[in-house]
Amino acid sequence: DKEEVDVEKVSVVYFSATGTTRKVAEMMAASIYSDIHEIRPAVPYTEADLNWRDSLSRSSLEMKDSTARPAIEDMPDFSDHDLIYLGYPIWWGVAPRIINTFIESQNLDSLQIVLFCTSGGSPAAPSMEALRRTYPNLRFEDALLLNNIDADGLISPDTTALEAQ
């Protein structure tokens, strides 16, 4: 059964570098009748930027610098919302720095934030705990690791880390 949600008060917001998190976010938004917003980097990531094996790649350098805040394209103001589902791929065990950019560009103090993640091998809990430590004033719900979408298009939570593909 699908539960209808007031789309003016709930949104799915996500960052996806390769499309995996986008697919999950689209399924989630459709299942709760919510609008959806992509966090887009002002300068899109290239394949070379995302090469985690290259210590000098853009993503590697950003993740080594806890103060890095990659610029994002304009986003709507979510301060009038009650709830956002915030999705991201797990990079180096935590949320990509672009998630920090999004959080710091918004007034999210009064919202409930449900985190959802995709990962090739990392559990969700450490990324959630890192966000809670960085933003203790925000109300984060436990992160869900959502790597699998079944044949019916339904999201099935992954409770164990998957081996890197």
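Presented here is an overview of the structure given in this document. Here the structure is a predicted model, which means the values were calculated and not measured.

A short note on the pattern of salt bridges
- In this structure the tally under the stated criterion is six salt bridges.
- Where Glu 62 meets Arg 58, a salt bridge forms, and the shortest distance between an N and an O atom there is 3.2 Å. Placement of the pair is Glu 62 and Arg 58 together in helix α2 (residues 58-64), with a separation of four residues, close to one helical turn. No difference in accessibility class separates Glu 62 from Arg 58, as the two residues are buried.
- A salt bridge links Arg 132 to Glu 129; its shortest N-O distance comes to 3.3 Å. Separated by three residues within a single helix, Arg 132 and Glu 129 lie in helix α4 (residues 125-134), roughly one turn from each other.
- For Glu 129, a relative accessible area of 34% gives the class partly exposed.
- Via salt bridges that share partners, Arg 22, Glu 38 and Arg 40 belong to a single interconnected network.

Thoughts on α4
- Among all positions of α4, only Ser 127, Met 128, Ala 130 and Leu 131 are buried. Seen along its axis, α4 keeps its buried residues to an arc of 160 degrees; they face one direction.

Overview of the pairing of strand β1 (residues 10-14)
- Most of β1 is tucked away, with five of its five residues classed as buried.
- Across the two faces of β1 the burial is the same, with Val 10, Val 12 and Tyr 14 and Ser 11 and Val 13 all buried.
- Judged from the five bridges that link them, β1 and strand β3 (residues 83-89) form a sheet pairing that is parallel. Counterpart to Val 10 in the pairing with β3 is Leu 83.
- Strand direction decides the pairing type here: β1 and strand β2 (residues 35-38), joined by four bridges, are parallel. When the sheet's bridge partners are listed, Tyr 14 is paired in β2 with Glu 38.
- Crossover β1 to β2 through helix α1 (residues 20-31) is right-handed.

Basis of the calculations
Going along each chain's sequence as written, the residues are numbered from 1 onward. Thresholds applied to this predicted model are a pLDDT of at least 70 for local features of residues and 80 or more for the giving and counting of side-chain atom pairs; totals over whole chains, interfaces and linings are not thresholded and use all residues. With hydrogens and water stripped out, all remaining heavy atoms of the structure feed into the side-chain values. In the sections that follow, a salt bridge refers to a side-chain nitrogen of Lys or Arg positioned within 4 Å of a carboxyl oxygen of Asp or Glu. Helix and strand labels come from DSSP, where a helix needs a run of H or I of at least four residues and a strand needs a run of E of at least two; each type is numbered from the N terminus. Relative accessibility thresholds used throughout: buried, under 20% of the residue-type maximum; exposed, over 50%; partly exposed, between the two (1.4 Å probe, protein chains only). Arc definition: directions from the helix axis to the C-beta atoms. One requirement defines pairing of two strands: DSSP has to find at least two bridges between them. If you view a crossover with the strands going away from you and the path from the first strand over the helix to the second runs clockwise, you call it right-handed.

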